[in-house]
Structures are given as structure tokens and as C-alpha cells.
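Listed here are the chains, written in short residue letters.
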Amino acid sequence: MWNIILDGLFIFNEYKLGIIPFLVCVFGLGFFQVNLLTNNKLDAKLGLFASLGIGSINLCIISYLLVVVAHFWPRLLQPRSFAVLLLAGLLPLKVLISEKKKINFNHQMIAVVAGAFLLLIIRLAYLRHIILPPYSDSPIHYQIIAGFIDPGAGYDSKLSLENIFTNYYHFGFHSITAWTALISGLDPLNVIPLLGQLFLVIAPVSVATLTYAATNNFYSALFSGLLAAVGWFMPAFSANWGKYPALTAIAVLPVVLALPWLYQYRRDRQSSFLFYTLILVIGIVLIHSRILISLLLAVLCYFLSGKFQFKERLSFFQSIRLSLLFAISLWPLSQFFLEFYKGIPVWIMLLILLPFAFQSHPRMTTGIFFFMFGLWFVDLIPNLLKLNNPLLDRQFLEMLLYIPCSVIGGIGFDGLVRKLEPNQILKWGTVVALVGGVMLNFQQHNSFFPDSCCNYFTPDDQLAFQWIQNNASTRTLFIIPTFSEGGKMYGTDAGIWITPITKIATNKLSFNTKWSLDNIFSEICRAGENETYIYAGGNKYSFDRAQLSSEEWLKPVFQNRAVMIYKVDDCTK
């Protein structure tokens, strides 16, 4: 663990010019809007929790508008980016001075801030073990961001509403990344995974916001945040998939879901609250368009659960029956839980806490029940209607499930602690046992390090890319490995970075290509380039190097342990 903390501190020092301005900006923007939303009547702790998520959405909207303006006047992008940072830093001071507010950092808040900083350091350690962002989506993210920062760089970012809603280019995340890169001077290649780890810290704070808003209990909010932070592989593992826009949107989703509870603090001006809410919804959809489906499902479940006439508190036996029904209803989702929601201690705790959740917060728990059942139904719709694309793909669903699971744990914790209130020794013993169970599970099931499945770019590839930049010409073509799924082709090794980094063209072939087939040589030479190379990384789904080495028309020109580059013998033959 000490090595992880040291790695995290090293990364924090390396990227401090990106981390500190980003956190200052999102907190400042969020703190200001929270006070506008709630007419300055919100509980101070809840307001501080909500600020990071709401501020992140605001930064998304503002940075996207900056990018749109820069599309016509590129020179304005950097100075206006700094202007946004300055404004965000001054807005909290305006609120504190004009409203004569005081924020009392008692021992509770000091402990929360210390815990969040420790989580940040732990999550940053991940970056010490990667060179470039993982998986096959990351090169596309990089090209879009590079196009935002420098429209003349040759990357076609296709800045249009059609791409937001049709091709899911998620320009909100890309504009936040471009803004952070401009402010910090860091390479976008480093900022992309950095923001992923920062949103893994914002995610549990957002979950705590939702639980706090629903229960008005500080400690239950902390417990749900603890579950979201370290309870399972998710959402931390999703950083390996390069699903940064989805991770960002899901990380701030609980804050948007908390808005119905925040509304009670400002009933005097309904129209302004609805306007601010609409802005936040637009912003989170801009980050990732498919989050709209989750929002619509959550709204439906909120109103549907309100149709039930629950007593303020259910009897324990009623809660047991509803808990059994809830547990059985999770079976259709079991395929999504199996891989990334492991851990006997946590699941035993959730089963114990579930009746107390129903007993103390029946409407909220019923809404979560409908939401999780609705996710299963959403997963079925493409098959029922014979649609080509799922409404929410499997990876998105696996990432999303940590939210309802964490909130259930938090509201169940609230119900159990209230039940044990008369016996303080039993109460605090139970609290220690529950927290200890979560931490035990964290030790066994964590995502401290990059997974080998998706960390394509290794030090061996780094040397290969140096060779490419020194030896390739403008008339060079590289063949890189891919696999096909759902009608799409995905890169499977570091070859996917050749075009984004070097601007050298690439063509794709299946990773399991049989190189001995007669038509392969003519297919490769069809492009008519003067020099054609084949990139064979050392990954599981890279090209088979044994087959490549056996072909007479291929000449190895570079080798560094697992990585090899072959040159195709004269295509004019």
C-alpha cells in the first residue's frame, strides 16, 4: 500500500498544474450554482458534496462553448480558458461575502476532505503504470481533443450536433480535457487518463450527495460514498476500457438525480430551479448522450414509486418480504454483476441492510428496485424490437450498477443505525463491522493497476514508435491488427496509436489473419504505397509473429522483445 501512496504522490506532483486548477474550477462553478439552485438555504455539508458534480457539468458546458467559439476564432481559446478559471476561483468568494456565509470545517468535514485526498492519491497511482491511455477508444478521444485545441492540426473533430447524437462523440468530455490541457500545459495524452482518475474521486462524492439528499443523514452518505469508492471493481475498472466520457457522465449522474430532493430548498422560484435543472441535464447529456436513457428511466421510477401509498416506516416483516422480492428481481442482471461486483462480505452486508432500507426509506428503495428492473428491460428492448444497437451497451450497464448498489447500502445503513440508536455500543460496533467489511473487500477486489487486457502501449512499443518516426516516410502504410464485434472494428495493440501520434496512415486486418493465404499479399499491396509495414505488438490479440516470420515476402526490420515490425517486400512484384 505504501508503494501505491508513493506512486500517487509522485503523479500528483507531476500533474499538479492540471489537478489543482481543475478541482478549483469545478468546485467554484458548482458552489456558485448550488447556492443559486437552493436560494442559500441548503445544508452546508450537502452543498459542498454537490458542488464537485454540478461544477463538472458546468465546466463541460462552458468549455464546450469555448471550443465552439474557437472553431471560428482559435486564438481566443486559451485566454478565455484562463478567464473561466479566474472567474470560477472568485465566484465562491462572491457568495461568501455577499451572503455573509461561513463554512465551518469541523472534525467531520476535515475527515471527509482527508479521506477524499487519500482516495485521490490512491487513484492517481494508476497513472504511474501506463504510458498512453488504454484501449481502442483512446486514440479517437485524443484526435478529437487535439482538433479542438488546434483546428489546423489536421484532425477532423466533426464538431456538429449530428455527431453528438448519432455517433456518440461525447464532445463534453473532450472539451473539458482540452480546457484542462490548455490551462495546465500538459499533453492531452496525459490529461485524458488523468481526468478519468479525477472523476473516480468525484463519483463517490456524487453518490454521497444523492444519499445525503434522500436521507438527511451525514453518516449514511459517507457509507454509500465508501461503497462507491472502494466497494467493487467498478467504476474504477472502467478506466481500463478508455470509456472516459461514460465514466465522467456516470460519475456526476447521482448529483442530477438528487435534484428532486434539492428542490425542497427553493420552492419560492420554481421556474428558475427548473431552468437550472434543464441546463444540468443538457450538460450531462453533452458529456455522454446515452446517459439520457438513464435519466429518463430514473425520472419514470421516481414518479412510479410515488404512486405507492407507503407508511412513513414499514414493519420489519413487510421489509423482509419486499427485500426477498428485490433480491429475486436482480437475477436477470446477474450476468452484469458476476465479473465486476465480486465480494462475499459486501453482498452479505447489502442483504442485511436491504430490509432496513425498505423499512426507513420505502419510496426511495422502491424507486431503486424499479430502476434496476428497468435496466434489465432496457437491455432487452433491442432484442424485442430487433434493433442493431443496444440502448445501453453491456459495458455501460456494468459501469452504472455501482450507483444503485451504493445508494441501497447507504440508506440501509441509515435505517440500521437508527434502529440501534438506543444501544450505543452495539450501534458503533455495527458501524465498525460494516466499514471493516467494505475495506476487507477492497483489499481483495481493487483496481489499483492497469489491467493487461487493455494497456496496449508498453515501453517496448515506445521504442518501436521512435523507430517509426525515424524511418517512415510520407508514403508509408502500416497494417495493424483488429477484431470485429457488432459490425465495428477495434484495434488490439499499440498499432492504433500510429496515425494519431505520427500521422502515418494505417490499414486494419483481423488479428487472426492467416498470412499464408494467397490473397493476403495482394490485399496488403492494394493501397499502392511505396513502403508497407506490419506492426506486431506483444498483446494477446496482436498478429501471430510466428506466422509472419515464416513468410518470405516479409522482412523483420525492428524487434524489441515482444514487439516486431515487418516490411513487406516490394509490392510492385
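Per-chain numbering applies: the sequence of each chain, read as written, is numbered from 1 onward. In keeping with the model being predicted, local features are shown solely for residues with a pLDDT of at least 70 and side-chain atom pairs are shown and tallied solely at 80 or more, while totals for entire chains, interfaces and linings include all residues. Working from all heavy atoms in the structure, the side-chain values ignore hydrogens and water.

1. So, the environment of F12
Step number 1: The helix count covers DSSP runs of H or I at least four residues long, the strand count covers runs of E at least two residues long, and both are numbered beginning at the N terminus. The topology assignment puts F12 in helix α1 (residues 2–14).
Step number 2: Spatially, the C-alpha atoms of F12 and A125 are 8.7 Å apart, while their sequence positions differ by 113 residues.
Step number 3: Whether two residues touch is decided by their heavy atoms; if any such pair falls within 4.5 Å, the residues are in contact. In contact with F12, other than residues within four places in its own chain, are I19, I20, F117, L120, I121 and L124.

2. Looking at the pairing of strand β5 (residues 554–560)
Step number 1: Whether two strands pair comes down to DSSP finding at least two bridges between them. Of the strand pairs in this sheet, β5 and strand β6 (residues 563–568) are connected by 6 bridges, and their pairing is antiparallel. For Q559, the partnering residue across the bridge sits in β6 and is M564.
Step number 2: A loop of 2 residues connects β5 with β6, the two strands running antiparallel in sequence, and R561 in this loop sits at a positive phi of about 55 degrees.

3. Side note on the state of the cysteines
Step number 1: Working definition: a disulfide is two cysteine sulfur atoms within 2.5 Å of each other. Under the counting rule described, the total for this entry stands at 1 disulfide.
Step number 2: Sulfur-sulfur distance for the disulfide between C453 and C454 comes to 2.2 Å. One disulfide, between C453 and C454, carries an S-S torsion of -80 degrees and so falls in the left-handed class.

4. Focus: the nonpolar core
Step number 1: Only buried residues count toward a nonpolar core, which is a set of Ala, Val, Leu, Ile, Met, Phe, Trp, Tyr and Cys residues joined through side-chain atoms within 4.5 Å. Each residue is placed in one exposure class: buried if its accessible area under a 1.4 Å probe, protein chains only, is under 20% of its type's maximum, exposed if it is over 50%, and partly exposed if it falls in between. Ranked by size, the top nonpolar core spans 177 residues in total, and within it I284 and Y535 carry the most contacts.
Step number 2: Take this core: its biggest share by element is 18 residues, from helix α9 (residues 188–215).
Step number 3: Filtering out sequence-adjacent residues up to four positions away, I284 remains in contact with I57, A249, V252, L253, V256, I291 and L295.
Step number 4: In terms of nonpolar packing, the next biggest core, distinct from the first, is built from 16 residues, L509, I524, I534 and M564 among them.

5. Brief notes about the packing of aromatic side chains
Centre-to-centre distance and the angle between the planes together describe a pair of aromatic rings.
Step number 1: Put simply, two rings from Phe, Tyr or Trp (the six-membered ring, in Trp's case) pair if the centres are within 6.5 Å, and we call them stacked under 30 degrees between planes, edge-to-face over 60, tilted for the rest. Counted under the stated rule, the structure contains 29 aromatic pairs.
Step number 2: Ring centres of F218 and Y219 lie 5.6 Å apart, and the angle between their planes is 75 degrees; on these two criteria the pair is classed as edge-to-face.
Step number 3: Ring geometry for F223 against F413: centres 4.7 Å apart, planes inclined by 15 degrees, an arrangement best described as stacked. Placement of the pair is F223 in helix α10 (residues 218–230) and F413 in helix α20 (residues 402–419), with a sequence separation of 190 residues.
Step number 4: For F223, a relative accessible area of 4% gives the class buried.
Step number 5: A relative accessible area of 5% means that F413 is categorised as buried.
Step number 6: One aromatic cluster is present, formed by F49, Y212, F218, Y219 and W428 through successive ring pairs.

6. Observations regarding the packing of helix α6 (residues 138–149) against α9
Step number 1: For helices, the fitted line uses only the C-alpha atoms of the stretch in contact; every axis is such a line through C-alpha atoms, and the angle between N-to-C directions lies from 0 to 180 degrees. Interaxial distance between α6 and α9 falls to 10 Å at its minimum, and their mutual angle equals 120 degrees. The angle between the axes of α6 and α9 places the two elements in the oblique class. Between α6 and α9 lies a crossing of right-handed hand. Contacts between α6 and α9 involve H141, Y142, I145 and I149 on the former and, on the latter, P188, L189 and I192.
Step number 2: Under the scheme applied, nonpolar residues are Ala, Val, Leu, Ile, Met, Phe, Trp, Tyr, Cys and Pro; charged residues are Asp, Glu, Lys and Arg; polar residues are all the others, including Gly. Partitioning the contact of α6 with α9 into residue classes produces 6 nonpolar, 1 polar and no charged. Roughly parallel means an angle under 35 degrees; roughly antiparallel means over 145; roughly perpendicular covers 65 to 115; every other angle is labelled oblique. By convention, the crossing between two helices is left-handed when the near helix turns anticlockwise from the far helix through less than a right angle, and right-handed when the turn is clockwise.

7. Here's the deal with the confidence of the model for the protein chain
Step number 1: Averaged over all residues, the pLDDT of the protein chain equals 82, while 88% of them reach at least 70.
Step number 2: Ranking the helices and strands of the protein chain by mean pLDDT puts helix α11 (residues 244–257) first, with 93, and helix α7 (residues 161–165) last, with 48. The pLDDT value tells you how sure the predictor is about a given residue, anywhere from 0 up to 100.

8. Topic: the side chain of S406
Step number 1: Assignment of secondary structure puts S406 in helix α20.
Step number 2: Apart from the residues within four sequence positions on either side, S406 is in contact with V207, S224, L227, A228 and W232.

9. Side note on α10
Step number 1: The terminal C-alpha atoms of α10 lie 18 Å apart, and with 13 residues this matches the ideal 18 Å at 1.5 Å per residue to within 8%.
Step number 2: Buried residues of α10: F218, S220, A221, F223, S224, G225, L227, A228, A229 and V230, and no others.
Step number 3: Any N or O atom pair separated by 3.5 Å or less is treated as a polar contact, with the protein-specific requirement of one donor-capable and one acceptor-capable atom, and with residues adjacent in sequence counted only for side-chain atom pairs. Where α10 begins, one side-chain oxygen reaches toward the backbone nitrogen of Y219, 3.0 Å away; that side chain belongs to N217. The length a helix should cover is 1.5 Å for every residue beyond the first.

10. Digging into a nonpolar patch on the surface
Step number 1: On the surface, a cluster of nonpolar side chains totalling about 270 Å² of accessible area is made up of L6, L9 and F117.
Step number 2: Checked against the element boundaries, L6 lands in helix α1. What goes into a patch is any residue over 30% in relative accessible area without a salt bridge, connected to like charges within 9 Å or, for nonpolar side chains (Val, Leu, Ile, Met, Phe, Trp, Tyr), within 5 Å. For the area figures, the Shrake-Rupley method with a 1.4 Å probe applies, and any residue is considered shielded solely by the protein chains shown. Salt bridge, as used here: a side-chain nitrogen of Lys or Arg that lies within 4 Å of a carboxyl oxygen of Asp or Glu.

11. A short note on the pairing of strand β4 (residues 531–536)
Walk down a regular strand and you will see the side chains alternate between the two sheet faces.
Step number 1: Extensive coverage of β4 is indicated by the burial of 5 of its 6 residues.
Step number 2: Two strands pair when backbone bridges link them, and strand β1 (residues 476–485) and β4 are joined in this way by 4 bridges, in the parallel orientation. In the strand pairing of β4, L477 is matched with T532.
Step number 3: Inspection of the sheet shows β4 paired to β6 by 4 bridges, in the antiparallel sense. Counterpart to Y535 in the pairing with β6 is I565.

12. Some details on the pattern of salt bridges
Step number 1: By the definition in use, this model includes 6 salt bridges.
Step number 2: Put simply, K243 and D137 hold a salt bridge, and the shortest N to O gap is 3.0 Å. Of this pair, K243 sits in the loop between α10 and α11 while D137 sits in the loop between α5 (107–124) and α6, and the two are 106 residues apart along the sequence.
Step number 3: The buried category is assigned to K243, whose relative accessible area is 17%.

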